[in-house]
Amino acid sequence: MVRRWNGLDEVPEDWGRSVVTIGVFDGVHRGHQRIVGRAAEEARRRGLRSVVITFDPHPDEVVRPGTHPPLLASTGRRIELLEGLGTDAVVVVPFTLGLSKVPPDEFVQSVLVDRLHAAHVIVGEDFRFGHKAKGDVALLRELGEKYDFTTEGMPLVANGDTISSTYIRGRLDAGDVEEAARALGRPHRVEGVVVRGHMRGRALGFPTANLETLPHTAIPADGVYAGWLVCDSGRYPAFRWPAAISIGTNPTFEGAGERTVEAYALDRDDLDLYGEHMAADFDARIRDTLKFDSVEALVEEMHRDVARAREITSG
């Protein structure tokens, strides 16, 4: 069973030596998966346990307020993905202004040595830590000699491809959800609670789940997509429906302007989803968001969208 700790204070006092990996791991993309998997493998080889350290909120928002990057995964989703990679424990460290000012040596001693008793530390080769990000892999290796642990810096690559969260965000901004999925190793997911919208979809014969997305969510470019509407709790536990997903401002209608994420579960008009926490997984882009001359023209296009989404998801 994977242990989950909210802060270093929850780490048991008798926690033995471990193999540790550290990072924000936004998206837990294929490069991250390789690092975390390597840590789990090395821990098994040494007869130790592996620990993943991640941070919340994103350090950029604390160090440079207002620069929070769009997030590829919520904190809960990130933990879930990390736990699925064979690690023994995940610790979510609250990232504060005080933590950002801790010198590299003190960070290593208080976090890696005193709390987690690190025997081996694995990080991305561009990993930075400590006040003003002065610490790097070379310094971590030097401090390891002082505190009796070894260090391994790994490139963020998978199958020869260099992968970064920044690159994936760029692909989502362009609406290229298929390339984003390739880099992530799974479809990009947008989460939120279903709220009442203008009810236009139901009136047109396509009732949609209008997602109130989490702050700082990385939302793909405006357009219509094929994908999946996912519910893992509430009235519909473990359900996953093929869906047509629309992102945009509904420009065909007067007064449009608020950007929404709406998902229509194909051929389902009997679902009561209000108040449910749902997720939309994106498989492929169908078309751009368009302004139609009439509602009738919009409905005709929506029928084509649904047919295309059915074709894509059936594969």
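The following paragraphs examine the structure supplied in this document. (Residues numbered from 1 in each chain as written. Predicted model: local features only at pLDDT ≥ 70, side-chain atom pairs only at ≥ 80, totals over all residues. Heavy atoms only, no water.)

**What about the sheet that holds strand S14 (residues 277-287)?**
Stated precisely, the cut-off is as follows: Think of it this way: DSSP has to see at least two bridges between two strands before they count as a pair. Every helix listed is a DSSP run of H or I at least four residues long, and every strand listed is a run of E at least two residues long, numbered separately from the N terminus. To obtain an axis, a line is fitted to C-alpha atoms, over the contacting stretch when the element is a helix, and the angle between two such axes runs from 0 to 180 degrees between their N-to-C directions. Contacts are assigned to residue pairs that have any heavy atoms within 4.5 Å of one another.
Sheet architecture is closed into a barrel: six strands sit in the order S9-S10-S13-S12-S11-S14, paired in antiparallel fashion. With strand direction ignored, the average angle separating the axes of adjacent strands in the sheet is 45°. By the bridge criterion, three bridges tie strand S10 (residues 209-213) to strand S13 (residues 260-265) in an arrangement that is antiparallel. Its bridge partner being in S13, Ala209 is matched across the sheet by Ala263. Taken strand by strand, helix H10 (residues 295-314) contacts strand S11 (223-231), strand S12 (239-248), S13 and S14, and its axis lies near 100° from that of S14.

**Structural notes on the sheet that holds strand S1 (residues 3-6)**
Read across the open sheet, the six strands follow the order S1-S4-S3-S2-S5-S6; overall the sheet is parallel. Each end of this open sheet is capped by a strand with a single partner; those strands are S1 and strand S6 (150-154). Neighbouring strand axes in the sheet, compared pairwise and without regard to direction, differ in orientation by 20° on average. Judged from the four bridges that link them, strand S2 (residues 18-22) and strand S5 (residues 118-124) form a sheet pairing that is parallel. Note that in S5 the partner of Ser18 across the bridge is Ala118. This element, helix H3 (residues 75-83), spans S1, strand S3 (49-56) and strand S4 (89-94) of the sheet and lies at about 165° to S3.

**Topic: the packing of aromatic side chains**
Applied cut-off: Aromatic contacts are taken between Phe, Tyr and Trp rings whose centres are within 6.5 Å, Trp giving its six-membered ring; a plane angle under 30 degrees counts as stacked, one over 60 as edge-to-face, and the others as tilted. Only protein chains enter the accessibility calculation, which uses a 1.4 Å probe; a residue whose area is less than 20% of its type maximum is buried, one above 50% is exposed, and one in between is partly exposed. We call a charge positioned above a ring when the Lys NZ or Arg CZ atom is no farther than 6 Å from the ring centre and deviates by at most 35 degrees from the ring normal.
In this structure the tally under the stated criterion is six aromatic pairs. For the pair Phe55 and Phe95, a centre-to-centre distance of 5.7 Å together with 90° between the ring planes defines the contact as edge-to-face. One end of the pair, Phe55, is in strand S3; the other, Phe95, is in the loop between S4 and helix H4 (97-100), with 40 residues separating them in the sequence. Assigned by exposure class, Phe55 and Phe95 land together as buried. Look at Tyr225 and Phe282: their rings are 5.3 Å apart centre to centre, the planes differ by 90°, and that puts the pair in the edge-to-face class. Taken together, the positions of Tyr225 in strand S11 and Phe282 in strand S14 put the pair 57 residues apart, joining distant regions of the chain. Residue classification places Tyr225 among the buried residues on the basis of a relative accessible area of 0%. The class for Phe282 is buried, based on a relative accessible area of 0%. Here the aromatic cluster, defined as three or more aromatic residues joined through ring pairs, consists of Phe107, Phe127 and Phe129. Directly above the ring of Trp15 sits Arg49, whose terminal nitrogen or CZ lies 3.7 Å from the centroid.

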